[in-house]
Amino acid sequence: MAIGAFSAKTEEENDGDADQAQPSQIRKLRQRLGRADLKAVPEARRALRELLRQWGRPSCSEIAELLTSELVTNALIHTDHDAVLTATLGPRGLRVEVRDFVGRRPRLRVPNADDGTHGRGLVLVQSLADAWGVRAHGVGKVVWFELDAGPA
């Protein structure tokens, strides 16, 4: 599916570990997010919601959508480049990565009451994700989070 500079693809895959996962157990969503296209944020949430519907944990869907919105928004407003969203859903849980093409690493900062709604995104990610981080990737970086599958 493609909408302007926004495209989504969902696929089943086997990560090469046949003992751990069957092809139908791993699902992946990949979307290219156009530079400064904030309309991509709700589209990314909808695509992720559809992927997570297969997971069967609606309470995790709300958290996953919120955290994904934060990472996508950060990539689009703090860089002057496209970004790529990848969500991988497997037996151990969900991993969401947002890759941008700027090497500057995000800073976790304590929100200031005078900042309105700014400065809270990574604090939310840190508070709600089971794991998260930033890693260098080519000319840019990947900011990621994970939510464990946990008991059904």
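Just above, that's the structure.
Remember, predicted model here, so these are calculated numbers, not experimental data. The residue count restarts for each chain, going from 1 along the sequence in the order it is written. Whole-chain, interface and lining totals are the exception, using all residues; otherwise, since this is a predicted model, local features are given only for residues with pLDDT of at least 70 and side-chain atom pairs are given and counted only at 80 or more. Values shown for side chains rest on all heavy atoms present in the structure; no hydrogens or waters enter the calculation.

Engineer: Account for the overall build of the protein chain, naming residues and giving values.
Structural biologist: Only DSSP runs of H or I covering at least 4 residues are called helices, and only runs of E covering at least 2 are called strands; the numbering of each starts at the N terminus. For the protein chain, the helix and strand inventory stands at 3 helices and 7 strands. For the protein chain, the sequential pattern of α-helices and β-strands runs β-β-β-α-α-β-β-α-β-β. Burial status across the protein chain gives 38% buried among its 152 residues. The contacts in the protein chain between residues at least 6 apart in sequence include a share of 58% that link residues at least 24 apart. Only the protein chains shown count as cover for residues, with accessible areas throughout obtained via the Shrake-Rupley method and a probe of 1.4 Å. Approximately 8500 Å² of the protein chain is accessible, and the part contributed by carbon and sulfur atoms is 49%. Here the term buried applies to any residue with accessible area under 20% of the maximum for its type, exposed to any over 50%, and partly exposed to those in between, with areas from a 1.4 Å probe on protein chains only. Residue contacts are counted whenever heavy atoms from the two residues lie within 4.5 Å of one another.

Engineer: Any chance you could break down helix α1 (residues 40-53) for me, citing the residues and the numbers?
Structural biologist: Three- or four-residue spacings in an α-helix give side chains the same orientation, since the helix completes a turn every 3.6 residues. Residue count minus one, scaled by 1.5 Å, sets the expected span of a helix. Over its 14 residues, α1 extends 20 Å from the first C-alpha to the last, a length consistent with the 20 Å expected when each residue adds 1.5 Å. Regarding α1, the residues found buried are A40, V41, A44, A47, L48, L51 and L52. Looking down the long axis of α1, one finds its buried residues gathered within 135° of arc, a one-sided arrangement. Taken from the helix axis, the directions to the C-beta atoms give the arc we talk about.

Engineer: For the packing of aromatic side chains, give the residues involved together with the corresponding values.
Structural biologist: Put simply, two rings from Phe, Tyr or Trp (the six-membered ring, in Trp's case) pair if the centres are within 6.5 Å, and we call them stacked under 30 degrees between planes, edge-to-face over 60, tilted for the rest. What the rule picks out here adds up to 0 aromatic pairs. Note that R95 overlies the ring of W144, its terminal NZ or CZ placed 4.2 Å from the centroid. Here, a charge over a ring means that NZ of Lys or CZ of Arg falls within 6 Å of the ring centre while also lying within 35 degrees of the ring normal.

Engineer: Break down the pattern of salt bridges for me, with residues and values.
Structural biologist: Oppositely charged side chains are able to pair whenever their charged atoms sit close together. Salt bridges are identified by distance alone: a Lys or Arg side-chain nitrogen within 4 Å of an Asp or Glu carboxyl oxygen. Taken as a whole and judged by the stated rule, the model has 10 salt bridges. Between E50 and R53 there is a salt bridge, with the nearest N and O atoms lying 3.1 Å from each other. Separated by 3 residues within a single helix, E50 and R53 lie in helix α1, roughly one turn from each other. For E50, a relative accessible area of 41% translates into the label partly exposed. Here R53 falls in the exposed class, since its relative accessible area comes to 58%. Across the pair R135 and E97 runs a salt bridge, and its minimum N-O distance is 3.6 Å. Here R135, found in strand β6 (residues 131-137), pairs with E97, found in strand β5 (residues 93-100); they are 38 residues apart in sequence, far enough to count as distant. Residue R135 is classed as partly exposed on the basis of its relative accessible area of 32%.

Engineer: Can you break down helix α3 (residues 121-128) residue by residue, with the values?
Structural biologist: Among all positions in α3, only G121, L122 and V125 are buried. When α3 is viewed along its axis, its buried side chains cluster within an angular range of 90° and face the same direction.

Engineer: Could you give me a rundown of the side chain of T79, with the residues and numbers involved?
Structural biologist: Following the sequence through the fold, T79 ends up in the loop between α2 (58-77) and β4 (83-90). Judged by its relative accessible area of 11%, T79 is buried. In terms of polar contacts, T79 uses its side chain to reach the backbone carbonyl oxygen of A75, at 2.5 Å. Ignoring any residue separated from it by four or fewer positions in sequence, one finds T79 in contact with N74, D100 and V102. Polar contacts, as counted here, are pairs of nitrogen or oxygen atoms within 3.5 Å of one another; within protein the pair requires one atom able to donate a hydrogen and one able to accept it, and residues that are adjacent in sequence qualify only if both atoms are side-chain atoms.

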